[in-house]
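Here is how the chains run, residue by residue.
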Amino acid sequence: MVFSIVPAVTIQSAQTVYAATTKIKLNKTKVDIFTGKKITLKVKGTKAKAKWSSSDKSIATVSNKGVIKAKNPGTAVITAKINGKKLKCTVTVKEETKLSLDVSKKTILTGDNFTINATVTPDEMASLVTWESSDPLIATVENGVVTGIKEGTATITAKVDDKSASCLVTVNQKKDFDYLSKYLQTRGELSTTSRNMLMTGAGVFNYQAASSIKYDAASDALIFSMNYTDLGNSLRNHTADITMTLKRNSDTVDVNVNDKFHFILTNDDWSSTSTITMPLASYESNSLNFTITSKNGGITDDQVQTDANNVFYFAKSGWSGLLEDNLKMTMKDLGL
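Residues numbered from 1 in each chain as written. Predicted model: local features only at pLDDT ≥ 70, side-chain atom pairs only at ≥ 80, totals over all residues. Heavy atoms only, no water.

Draft legend 1. Here's a closer look at the overall build of the chain. Scanning the chain from terminus to terminus reveals two helices and 26 strands. Here the chain holds 336 residues, and the buried ones make up 35% of them. Within the chain, contacts between residues at least 6 apart in sequence are counted, and of these 49% link residues at least 24 apart. Accessible surface, the chain: about 20100 Å² in total, of which carbon and sulfur atoms supply 48%. (Helix = DSSP H or I, 4+ residues; strand = E, 2+ residues; numbered from the N terminus. Buried < 20%, exposed > 50% of the residue type's maximum accessible area, 1.4 Å probe, protein only. Contact = heavy atoms within 4.5 Å. Areas by Shrake-Rupley, 256 points an atom, 1.4 Å probe, with all protein chains shown as cover.)

Draft legend 2. Looking closely at the sheet that holds strand β18 (residues 163–172). Within the open sheet, the four strands sit side by side as β11-β18-β17-β14. Their pairing is mixed. Single-partner strands in this sheet number two, and they are β11 (105–109) and β14 (130–133). Along the sheet, successive strands turn relative to each other by an average axial angle of 25 degrees, direction set aside. Of the pairings in the sheet, the one linking β14 to strand β17 (residues 152–160) comprises four bridges and is antiparallel in character. From the neighbouring strand, glutamate 132 faces β17, where its bridge partner is threonine 157. (Pairing = 2+ DSSP bridges. Axes fitted to C-alpha atoms, helices over the stretch in contact; angles between N-to-C directions.)

Draft legend 3. Representation of the side chain of serine 133 in the model. Looking at where serine 133 falls in the secondary structure, it is placed in strand β14. Overall, the relative accessible area of 16% leaves serine 133 in the buried class. At 3.2 Å, the side chain of serine 133 and the backbone nitrogen of aspartate 135 are in polar contact. Of note is the side chain of serine 133, whose polar atom sits 2.6 Å from the backbone oxygen of alanine 139. In this structure serine 133 touches Ala139, Val141, Ala154, Thr155 and Ile156, once residues within four positions along its chain are discounted. (Polar contact = N/O pair within 3.5 Å; in protein donor to acceptor, adjacent residues only side chain to side chain.)

Draft legend 4. Structural detail: the confidence of the model for the chain. Of the residues in the chain, 87% have a pLDDT of 70 or more, and the chain-wide mean is 87. Scored below 50 in pLDDT, residues 1–20 shows zero contacts in the model against residues more than four places distant or in partner chains. Note that pLDDT drops below 50 for residues 199–204; the model gives that stretch ten contacts with residues more than four away or on any other chain. (pLDDT = per-residue confidence, 0-100.)

Draft legend 5. Main features of the nonpolar core. Counting 38 residues, the largest nonpolar core has Leu180, Met244, Phe312 and Trp319 as its most contacted members. Counting only elements with at least two residues in this core, the list comes to α1 (177–187), β21 (205–216), β22 (221–230), β23 (236–247), β24 (252–263), β25 (268–279) and α2 (301–327). Excluding residues that lie within four positions of it along the chain, methionine 244 makes contacts with Leu222, Ile223, Phe224, Val253, Asp254, Val255, Tyr283, Phe312, Trp319, Met331 and Leu336. (Core = buried A, V, L, I, M, F, W, Y, C linked by side-chain atoms within 4.5 Å.)

Draft legend 6. Layout of the sheet that holds strand β2 (residues 30–34). On the basis of which strands lie adjacent, the open sheet formed by four strands has the order β2-β9-β8-β5 and mixed pairing. Whereas interior strands pair on both sides, the edge strands pair on one side only; in this sheet they are β2 and β5 (51–54). Taking the axes of each pair of neighbouring strands and ignoring which way they run, one obtains an average angle of 25 degrees across the sheet. Both β2 and strand β9 (residues 85–94) contribute to a ladder of five bridges, which runs parallel. If you follow phenylalanine 34 over to β9, its bridge partner there is lysine 94.

Draft legend 7. Expanded view of the packing of α1 against α2. One can describe the packing of α1 onto α2 by two numbers: an axis separation of 13 Å at closest approach and a directional angle of 75 degrees. Judged by the inter-axis angle, α1 sits roughly perpendicular to α2. Two secondary-structure elements touch here, α1 through Tyr179, Leu180 and Tyr183 and α2 through Leu323, Asn326 and Leu327. Class assignment for the residues of the contact of α1 with α2 results in five nonpolar, one polar and no charged. (Parallel < 35°, antiparallel > 145°, perpendicular 65-115°, else oblique. Nonpolar A, V, L, I, M, F, W, Y, C, P; charged D, E, K, R; others polar.)

Draft legend 8. Structural view of α2. Given a rise of 1.5 Å per residue, 27 residues ought to cover 39 Å, and the 38 Å separating the end C-alpha atoms of α2 matches this to within 8%. Within two residues after α2, lysine 328 carries a phi angle of roughly 55 degrees, on the positive side. (Expected span 1.5 Å × (residues − 1).)

Draft legend 9. Region of interest: α1. Among all positions of α1, only Phe177, Leu180, Ser181, Tyr183 and Leu184 are buried. On an axial view of α1, the arc spanned by its buried residues comes to 160 degrees, and they lie on one face. Summarising the geometry of α1, the exposed residues directed more than 90 degrees from the buried face are Gln185 and Thr186. For α1, the N-terminal cap is aspartate 176; the gap from its side-chain oxygen to the backbone nitrogen of aspartate 178 is 3.3 Å. Phi turns positive one or two residues past the end of α1, at glycine 188, with a value near 95 degrees. (Arc of directions from axis to C-beta.)

Draft legend 10. Just the pattern of salt bridges, in detail. As enumerated under the stated definition, the model contains seven salt bridges in all. Residues aspartate 178 and lysine 182 are paired through a salt bridge, measuring 3.2 Å at the closest nitrogen-oxygen approach. Pair noted here: aspartate 178 and lysine 182 are both in helix α1, with a separation of four residues, about one helical turn. According to the relative accessible area criterion, aspartate 178 is partly exposed, its value standing at 30%. Linking arginine 248 and aspartate 178 is a salt bridge whose minimum nitrogen-to-oxygen distance equals 3.4 Å. Linking arginine 248 in the loop between β23 and β24 with aspartate 178 in helix α1, this pair joins segments that are 70 residues apart in sequence. (Salt bridge = Lys/Arg side-chain N within 4 Å of Asp/Glu carboxyl O.)

What follows is the structure in structure tokens.
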């Protein structure tokens, strides 16, 4: 008997390995977008080419590469068809809120106000605009109306949705009747001592003058005064006192001129008293029509008128100097 040795053989059962199936989907299933904007959808899980379509092209369109363009407010469904499967994304198109102001910088005086107009889209957002001031102690704002409170700067900001727009407001101190009267009550009257001056604006005049401005609480009025002495001719001595009264909220001013001429050579004396109540707008005029309330000597009415206007001209120069030097004001700040 013959025995043969056969090698052992190991038999393994065949195994089939299946790769896990990758899920095909869109990178977004919901999109919120503003009109005019674009966004791209992408298909994940395959390299196959998708066929894109929109349920409403008037609201949103889609390109063959999945680029969505928002057209008008509303909702549309974007579909990507691939390998017989439909993938959908709901697109909501909104109109983007826009906000702008008609002024970005403004300078005003204390007590004054102005309106900032806001332009808002869409229209239904206009009623939702809110306003605020960076410093209400300097400038306040209510519904776009800005009021200057005290000297300084403040930023006025309008807000709606996630948008904002601003206006830089500079507030300067209003230098008016109230400002000057308070200054005079606190500091006392403004005045200059008698000094020699040479005026050439209305001819050549050499004169000596002392000017003052004070506040009269009893009448709530500003009293402007000047004492004038003519130094132009050694043969005559011309002196004058002039007062001007300006009351609060008045549209007129009272001016009184008292003149006296003494001619040494002939020993003649001329004197006159002239008054006028004039509109503030006439203040700059140098040809005012004064009323002659008294006169004596050989002076004529024309001479009284001419001299009263000359004295008033000199006085205005002195008062203007007082205001400019002490308060950086002008007579125009008082309405004159």
